[in-house]
Amino acid sequence: MKAVGIIGAGGHARVVLDTARRAGWMVFGLFDADPARKGDTLDGALILGDDEDLLRRGPGSIRLANGIGAVPAIGDTGLGLRRKIFSTFSAAGFEFTPLAHPRATIALAVDLAAGAQVMAGAILQPGVRIGENAIVNTSACIDHDCDIGEHSHIAPGAVLCGGVKVGVSTYIGAGAVIQQGLSIGAGALIPAGSIVRRNVEPGETFLPRRGGKA
């Protein structure tokens with residue numbers, strides 16, 4: 001049986017845990033930054049230790065899934081810790097497995113890179129690429145030929161029409177709609193419920209322009 005360890009033991013880790021189990025993975029255990037949580041459980045999975053405990057096990061011992069999510073704020077996508085965890089453990093030789101919930105709809109011509117995560121109800125159409133460590137969250141819809149950059153987070157219910165390009169470490173909030181063919185720059189933040197009809201610059205927090213036009 002395939003075995004995976006999850007880094008983190010919070011809300012996103014709980015979703016990753018369920019996704020991994022439903023996708024047929026045996027969850028070896030969880031690792032949390034708080035050493036006081038060692039020995040606790042999360043939905044029946046044991047917290048085996050902290051990040052240092054995992055590093056001491058060595059990269060040949062287990063494949064990993066990133067259970068760190070994001071808490072975005074104006075001017076900050078909140079993805080820094082998730083990216084740091086992925087980079088630190090990848091540099092140490094660990095492999096992150098892509099995970100897809102069995103109730104996601106994923107076309108045959110879709111590329112999921114290392115550590116990419118696709119949650120329940122998401123739809124990925126042909127020609128989509130999901131970069132390393134990126135999240136396509138619950139019921140998000142990614143239409144044909146979209147490219148999602150590494151470490152990005154497409155939040156629940158977001159809709160990306162065809163041919164959208166999303167840069168590295170970008171956060172697209174819940175229920176946001178991105179019209180076809182647009183470019184969302186690296187590190188940009190699209191607040192929940194936004195309707196985006198123009199390109200968004202790198203690092204920009206998207207706000208409608210004066211007159212109410214996006």
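Read on for an overview of the structure.

What counts and what doesn't
Residues numbered from 1 in each chain as written. Predicted model: local features only at pLDDT ≥ 70, side-chain atom pairs only at ≥ 80, totals over all residues. Heavy atoms only, no water. Buried < 20%, exposed > 50% of the residue type's maximum accessible area, 1.4 Å probe, protein only. Helix = DSSP H or I, 4+ residues; strand = E, 2+ residues; numbered from the N terminus. Pairing = 2+ DSSP bridges. Right-handed = clockwise from strand over helix to strand, strands pointing away. Phe/Tyr/Trp six-rings, centres within 6.5 Å; stacked < 30°, edge-to-face > 60°. Contact = heavy atoms within 4.5 Å.

**Let's talk about the pairing of strand β1 (residues 3–7)**
Argument step 1. Of all 5 residues making up β1, 4 are buried, and the element is well covered by its neighbours.
Argument step 2. The sheet contact formed by β1 and strand β2 (residues 26–31) spans 5 bridges and is parallel. When the bridges of β2 are listed, Ile 7 appears paired with Phe 31.
Argument step 3. Regarding topology, helix α1 (residues 11–22) serves as the crossover connection from β1 to the parallel β2, and that connection is right-handed.

**Description of the packing of aromatic side chains**
Argument step 1. Per the stated rule, a full pass over the model turns up 2 aromatic pairs.
Argument step 2. Taking the centre distance of 4.7 Å and the plane angle of 40 degrees together, the rings of Phe 86 and Phe 96 count as tilted. Residue Phe 86 is located in helix α3 (residues 80–91), and its partner Phe 96 is located in the loop between α3 and β6 (99–100); the two are separated by 10 residues in the primary sequence. Across the pair, Phe 96 and Phe 86 agree in class, each one buried.
Argument step 3. Here Phe 89 and Phe 94 contribute two aromatic rings whose centre-to-centre distance is 5.5 Å and whose plane-to-plane angle is 75 degrees, an arrangement assigned as edge-to-face.
Argument step 4. By relative accessible area, Phe 89 is classed as buried at 2%.
Argument step 5. We classify Phe 94 as buried; its relative accessible area is 4%.

**Some remarks on the side chain of Asp 51**
Argument step 1. Tracing the chain through its elements places Asp 51 in helix α2 (residues 51–57).
Argument step 2. Other than its neighbours up to four places away in sequence, Asp 51 contacts Ile 7, Phe 31, Asp 32, Ala 33, Ile 85 and Phe 89.

**Description of the sheet that holds strand β14 (residues 147–148)**
Argument step 1. With respect to topology, 5 strands assemble into an open sheet ordered β8-β11-β14-β17-β20, the strand pairing being parallel. Looking at which strands have only one partner, the edges of the open sheet turn out to be β8 (111–112) and β20 (183–184).
Argument step 2. With 2 bridges connecting them, β8 and strand β11 (residues 129–130) associate as parallel partners. Residue Asp 111 lies in a different strand from β11, and its bridge partner there is Arg 129.

**Overview of the environment of Val 4**
Argument step 1. On the secondary structure map, Val 4 appears in strand β1.
Argument step 2. Owing to a relative accessible area of 0%, Val 4 belongs among the buried residues under this scheme.
Argument step 3. Separated by 139 residues in sequence, Val 4 and Asp 143 place their C-alpha atoms 29 Å apart.
Argument step 4. Filtering out sequence-adjacent residues up to four positions away, Val 4 remains in contact with Ala 20, Trp 25, Met 26, Val 27, Phe 28, Gly 29, Ile 62, Arg 63, Leu 64, Ala 65 and Thr 97.

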